[in-house]
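# Observations on the three-dimensional arrangement
If you want the building blocks of each chain, they are given just below.
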Amino acid sequence: MGEFSHIPVLLNECVDNLEIKTDGIYVDGTVGGGGHSGAILRKLGEGGLLIGIDRDAEAIEAAGIELNSVLRETKSKARFELVHDNYVNMVEICRERGIGGVDGILLDIGVSSHQFDSAERGFSYRFDAPLDMRMDRGDRLTAADVVNKYSERELSDIIFRYGEERWAKRIAEFIVQRRKKAPIETTFQLVDVIKGAIPKGARSDGGHPAKRTFQAIRIEVNGELDVLSNVIMGAVEMLKPSGVMEIITFHSLEEGIVKKLFKKAENPCECPPEFPVCVCGKKPLGRMITKHAIVASPEELEANPRAASAKLRIFKRF
Ligand SMILES: C[S@@+](CC[C@H](N)C(=O)[O-])C[C@H]1O[C@@H](n2cnc3c(N)ncnc32)[C@H](O)[C@@H]1O
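Not measured: the values here are computed from a predicted model. (Residues numbered from 1 in each chain as written. Predicted model: local features only at pLDDT ≥ 70, side-chain atom pairs only at ≥ 80, totals over all residues. Heavy atoms only, no water.)

With respect to spatial proximity, 24 residues lie near the ligand, and among them His36, Asp54, Tyr87, Asp108 and Gln115 are the closest. In the model, a nitrogen atom of the ligand is placed 2.8 Å from a nitrogen or oxygen of the His36 side chain. In the environment of the ligand, an oxygen atom lies 2.8 Å from a nitrogen or oxygen atom belonging to the side chain of Gln115. With the chains in place, 99% of the 610 Å² that the ligand exposes on its own is no longer accessible. (Near = heavy atom within 4 Å. Polar contact = N/O pair within 3.5 Å; in protein donor to acceptor, adjacent residues only side chain to side chain. Areas by Shrake-Rupley, 256 points an atom, 1.4 Å probe, with all protein chains shown as cover.)

Put into structure tokens, the structure is as follows:
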């Protein structure tokens, strides 16, 4: 593993809003290089515990180095534990450790700069590499499987939905034509197909022509929207009174899921609207304290342009 470089986004906003208790228990479900986790650990003392989860083994290794150095520097008696797993399992991960309730949860979803910049991982259209894009290299589905085995219709839907790519249909058509000759095996082969599919005159807008298709395939390979949808309610229920859940998203579909499920946690009642009183017994769990998502300040954007699409939403338990 090369040096792990990733600048944590909305760092102060995340740490301030977690209202960290020195002896509290915090879960970082996307520990990455440990940027956010390190800042949380700095605020913990004796009795404090941070559980950092990541599905990428390289991230777990990097986070271990970072968090140990924080503990050495601060001489803190706080503890941390790192778990190589999917954040969708966070309630179970806590339960296995005898933890029934936590004070705060953070998710900073998507890909780290380290993953993007590791050429051989195949996340980036900037480097030529095998089509991989798995965050967890133990998973079975790769980008090559998606590109070479999905039907034209499936590819078109994924590229349109997850990539918001208006040329999705044509790109899917070109992929299927090209793979009839030979499988598409590398990132640059896929880039060439995408460039061929998008008319030259339409290419000037929206950055690199392959950006949206690569994003879509990555979201599909890692099932990113499903795990986000499946984690939120259970995680909110695991919060102690006044506990806080924070989620940073980089994509409008993810943001929509967070907003919808935080609203559901505000009002989980499932009774038909015509019922005069609630009979399902599901009571509000707390409140989404960000009416509008928090976005990066101009200063942060200048220092880290990657923060441009970051949106932070926060839910606080009653
Ligand atoms: C944007 S980075 C997080 C960076 C981190 N906050 C930091 O400050 O270094 C996202 C990380 O989440 C991980 N990740 C994405 N989806 C995940 C999931 N479902 N379960 C566990 N980790 C996930 C990725 O492997 C990546 O390391």
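Having seen the model, we can carry on.
For the rest of this paragraph, the subject is the side chain of Ser37. Among the structural elements, Ser37 can be located in helix 2 (residues 35–43). Contacts of Ser37, omitting those with residues within four sequence positions, involve Asp28, Val31, Leu50 and Leu67. (Helix = DSSP H or I, 4+ residues; strand = E, 2+ residues; numbered from the N terminus. Contact = heavy atoms within 4.5 Å.)

Quick look at the state of the cysteines now. One pass over the structure, following the stated rule, counts zero disulfides. In this structure Cys14 is a free cysteine whose sulfur lies 18 Å from that of Cys94, the closest cysteine sulfur available. In this structure Cys278 is a free cysteine whose sulfur lies 3.8 Å from that of Cys269, the closest cysteine sulfur available. For Cys278, a relative accessible area of 38% gives the class partly exposed. (Disulfide = S-S within 2.5 Å. Buried < 20%, exposed > 50% of the residue type's maximum accessible area, 1.4 Å probe, protein only.)

Another aspect to go through is the domain arrangement of the protein. Domain assignment breaks the protein into domain 1 (11–114 + 224–317) and domain 2 (140–221). Across the boundary between the two partners, domain 1 contributes seven residues, which contact six residues of domain 2. Regarding the contact of domain 1 and domain 2, the summed buried area is about 620 Å², with carbon and sulfur atoms giving 49% of it. Our count for the domain 1 to domain 2 interface comes out at one salt bridge. The interface formed by domain 1 and domain 2 includes five residue pairs in polar contact (both at pLDDT 80 or more). Sorting the residues of the side of domain 1 that touches domain 2 by element identifies helix 11 (224–238) and helix 12 (252–266) as the ones contributing at least two each. Looking at the side of domain 1 that touches domain 2 residue by residue, the class counts come to three nonpolar, three polar and one charged. (Domains from an automatic or database assignment. Buried area = accessible area lost by both parts, 1.4 Å probe. Salt bridge = Lys/Arg side-chain N within 4 Å of Asp/Glu carboxyl O. Nonpolar A, V, L, I, M, F, W, Y, C, P; charged D, E, K, R; others polar.)

Here we take up unusual backbone geometry. Of note, the phi angle at Leu10 is positive, near 50 degrees, even though the residue is not glycine. Counting through the fold element by element, Leu10 comes out in the segment before helix 1 (11–18). Positive phi, normally seen in glycine, also occurs at Glu164, with a value near 50 degrees. Here Glu164 is to be found in the loop between helix 7 (152–163) and helix 8 (168–181). A residue is classified by how much of its surface remains accessible, and Glu164, at 47% relative accessible area, is partly exposed.

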